Amino acid sequence: MTDELPDPGEVPVLDWIDKTLITVDPLYQRPLDTERAATIARSFSWRSFGALVVVPAGDGYHVTDGQHRLEAAKLHPKVTHVPAVIVQAETIQSEAGMFVDINKNRKNVSALELFFAELAAETGNATETLKAAQAAGIRIPKHPGNYRPNDTVAVGVLQTLVSTYAGERVQMILTTVAAAAFKPISAAQIKAVECLLTDPEFAPQIDSDDLAAMLKTVGTTLDGEARRFAATHCTPFWKALASTWFQKC
């Protein structure tokens, strides 16, 4: 195995660099997301900053990995220098090649992975969300696959519910969708139930118990009709599902 591995090349230098000396080369870098950089700046912490990857460029450096963290550092008045891994690139092509190599094999953290990390860190509303799901008989499996009835990995939608509505309203929505014992419960199904029970157009005409009984009866048999509705009316599937369920109910 070791004979098949490539020579890793020259060992890079680790250093703290004046943030004003580091720039972004727009030739290969993605457009800056200013809101993302501002979000990082608002919660700036060295514990989660990590090290940038930079290459020497003239009298300064180009950042090949970490441009949003760099911009956050530039926004923060108390940050003057940033930790960086300094690697060599002879041409702009090899510099861009490093950007490709760094990003093509990177696995982004999924919403589910982030949820369980927040749960362990006791941050955000992950704990409250888990309790709300459990109270409705909904399980959030740590590893997707081999789903049981009322499993869901739609943690983003669940967390939005918890941050938007009072506890009683959240429970009404979740117990209603749980009545169908979907395997698993999708984000679209949760959002459709939320729509029917909260939207001024539907809510006055829908009883949560009646909706729960209908969902328990029809299950996913109306999904095909909802998909045709979504395609015909150019609307998101969850809205089409809500409309289809409403007509049935």
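Residues numbered from 1 in each chain as written. Predicted model: local features only at pLDDT ≥ 70, side-chain atom pairs only at ≥ 80, totals over all residues. Heavy atoms only, no water.

Novice: Is there a simple way to think about the nonpolar core in this case?
Specialist: Nonpolar side chains tend to gather and get buried jointly when the protein is soluble and globular. In terms of nonpolar packing, the biggest core is built from 44 residues, with Phe115, Ile138, Ile140, Leu174, Val193, Leu211 and Trp245 touching the most fellow members. Going through the elements one at a time, α5 (111-121), α6 (126-135), α7 (155-164), α8 (167-178), α9 (187-198), α10 (208-218), α11 (223-233) and α12 (237-248) are the ones with two or more residues in this core. Counting residues per element, this core draws most heavily on α9, which supplies 6 residues. Counting residues in each nonpolar core, the second largest holds 15 residues, with Ile17, Ala73, Ala84 and Ile86 among its members. (Core = buried A, V, L, I, M, F, W, Y, C linked by side-chain atoms within 4.5 Å. Buried < 20%, exposed > 50% of the residue type's maximum accessible area, 1.4 Å probe, protein only. Helix = DSSP H or I, 4+ residues; strand = E, 2+ residues; numbered from the N terminus.)

Novice: What is the right way to read the pairing of strand β3 (residues 52-57) from this model?
Specialist: Looking along a regular strand, one sees side chains alternate from face to face of the sheet. In this structure, β3 lies alongside strand β5 (residues 81-86), joined through 3 bridges in parallel fashion. The residue bridging Leu52 from the neighbouring strand is Ala84, located in β5. Note: β3 against strand β4 (residues 60-65), 5 bridges, orientation antiparallel. The residue bridging Val55 from the neighbouring strand is His62, located in β4. Taking the residues that link successive antiparallel strands as the turn, the β3-β4 hairpin has 2 residues, and the phi of Gly58 there is positive, at about 65 degrees. (Pairing = 2+ DSSP bridges.)

Novice: How should the environment of Pro83 be read in this particular structure?
Specialist: Structurally, Pro83 is set in strand β5. In the structure, Pro83 is positioned 91 residues away from Leu174 in sequence and 45 Å away in space, judged by C-alpha atoms. Excluding residues that lie within four positions of it along the chain, Pro83 makes contacts with Asp15, Trp16, Trp46, Phe49, Gly50, Ala51 and Leu52. (Contact = heavy atoms within 4.5 Å.)

Novice: How should the packing of α5 against α6 be read in this particular structure?
Specialist: For any two helices packed against each other, the geometry comes down to the angle between their axes and how far apart the axes lie. Relative to each other, α5 and α6 sit at 105 degrees, their axes nearing to 8 Å. Of the possible angle classes, the one that applies to α5 and α6 is roughly perpendicular. For the pair α5 and α6, the contacting residues are Phe115, Glu118 and Leu119 in the first and Ala126, Thr127, Thr129 and Leu130 in the second. Looking at the contact of α5 with α6 residue by residue, the classes come out as 4 nonpolar, 2 polar and 1 charged. (Axes fitted to C-alpha atoms, helices over the stretch in contact; angles between N-to-C directions. Parallel < 35°, antiparallel > 145°, perpendicular 65-115°, else oblique. Nonpolar A, V, L, I, M, F, W, Y, C, P; charged D, E, K, R; others polar.)

Novice: Explain the pattern of salt bridges to me, please; I cannot follow it from the model alone.
Specialist: When the charged atoms of two side chains with opposite charge come close together, those side chains can pair. By the definition in use, this model includes 3 salt bridges. In this structure, Arg42 and Glu35 form a salt bridge, with 2.8 Å as the shortest nitrogen-oxygen distance. Residue classification places Glu35 among the partly exposed positions, given a relative accessible area of 46%. Close ionic contact of Arg139 with Asp151 constitutes a salt bridge, the shortest N to O distance being 2.8 Å. Here Asp151 lies in the loop between α6 and α7 and Arg139 lies in the loop between α6 and α7, a separation of 12 residues in the sequence. Its relative accessible area of 32% is what places Arg139 among the partly exposed residues. (Salt bridge = Lys/Arg side-chain N within 4 Å of Asp/Glu carboxyl O.)

Novice: Got a minute to help me understand the sheet that holds strand β2 (residues 22-23) in this structure?
Specialist: Here 5 strands make up an open sheet; going across it, the order is β1-β5-β3-β4-β2 and the pairing mixed. In this open sheet, the two strands that pair with only one neighbour each are β1 (13-18) and β2. Contacts from helix α3 (residues 67-75) reach β2, β3, β4 and β5, with the element oriented near 130 degrees to β4. Sheet strands in contact with helix α4 (residues 92-104) are β3 and β4, and its direction is about 30 degrees off that of β4.

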